[in-house]
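Structure assessment
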Amino acid sequence: DAAARSARDEADWPWSAAFVCSVMRSAGIRRADGFEFGQRHLAYIVGALRNRERSDHARPFWLVDAVELRLEATPRIGDLLCFNREERPGRWSQHSYASLRQEYWSGGHQNVEPRGSAHCSIVVGFRTEPSGGRSIETIGGNEGNTVLLQHAIPIDRSGGVPNPAASHVFGMIKLTGC
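Description of the structure in this document. (Residues numbered from 1 in each chain as written. Predicted model: local features only at pLDDT ≥ 70, side-chain atom pairs only at ≥ 80, totals over all residues. Heavy atoms only, no water.)

**As for the pattern of salt bridges**
Should the charged atoms of two oppositely charged side chains come close, the side chains can pair. A full pass over the atoms with the stated rule returns 7 salt bridges. Here R31 ties to E36 by a salt bridge, and the two come within 2.9 Å at their closest N and O atoms. For R31, a relative accessible area of 49% gives the class partly exposed. Taking relative accessible area as the criterion, E36 reaches 17% and is therefore assigned buried. For the salt bridge of R101 with E53, the shortest nitrogen-to-oxygen distance reads 2.9 Å. Of the two residues, R101 is situated in helix 4 (residues 97-106) and E53 in helix 2 (residues 41-53); the sequence distance between them amounts to 48 residues. (Salt bridge = Lys/Arg side-chain N within 4 Å of Asp/Glu carboxyl O. Buried < 20%, exposed > 50% of the residue type's maximum accessible area, 1.4 Å probe, protein only. Helix = DSSP H or I, 4+ residues; strand = E, 2+ residues; numbered from the N terminus.)

**A look at the packing of aromatic side chains**
One pass over the structure, following the stated rule, counts 3 aromatic pairs. Aromatic side chains F35 and Y44 sit 4.8 Å apart centroid to centroid with 25 degrees between the ring planes, which places their arrangement in the stacked category. Owing to a relative accessible area of 1%, F35 belongs among the buried residues under this scheme. Look at Y44 and you get buried, because its relative accessible area is 1%. Consider the rings of F35 and F61, whose centres lie 5.4 Å apart with planes at 65 degrees: the pair is edge-to-face. Note that F35 is positioned in the loop between helix 1 (2-26) and helix 2 and F61 in the loop between helix 2 and strand 1 (62-65), a separation of 26 residues in sequence. Three or more aromatic residues joined by ring pairs make a cluster, and in this case those are F35, F37, Y44 and F61. The positively charged end of R25 is found above the aromatic ring belonging to F37, 4.0 Å away from the centroid. (Phe/Tyr/Trp six-rings, centres within 6.5 Å; stacked < 30°, edge-to-face > 60°. Lys NZ or Arg CZ within 6 Å of the ring centre and 35° of its normal.)

What follows is the structure, encoded as structure tokens:
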């Protein structure tokens with residue numbers, strides 16, 4: 001079971017991460033700007049955490065945690081929403097800013113290449129739903145190696161995400177320091 005899951009994950013992670021990296025490169029983003037290009041979403045998620053923990057204003061990609069996303073860090077076009085992935089039916093990865101910080105910053109593994117299941121999608125817009133509520137539109141390399149437009153992440157009147165956990169969102173990579 002673990003071997004089959006690992007083989008499946010190895011097959012689909014690089015494609016979706018490569019899609020995000022390709023979009024960022026096409027937008028003119030360079031590694032020197034602070035975006036850690038990599039085959040796994042966690043490479044740039046942890047890179048953004050490290051930029052923030054260093055308070056590195058020369059590298060403007062910073063990771064924001066779910067609490068900030070809910071209360072003060074409103075998503076903008078070009079930001080990356082960071083999701084936990086379903087590792088098997090009903091079982092999701094459990095990443096959070098705190099757990100990643102412990103593992104890859106204060107836990108002594110600052111130079112370790114991050115591994116694990118996560119996903120990022122790019123915020124491309126906002127939509128008013130028929131119910132009158134608003135939601136975030138994102139694109140990302142998803143299921144079946146396709147690029148899907150999604151708009152299932154509700155936002156409140158101030159633009160915050162009221163319940164990130166409901167969408168398995170554990171953070172966001174901001175294009176500028178917060």
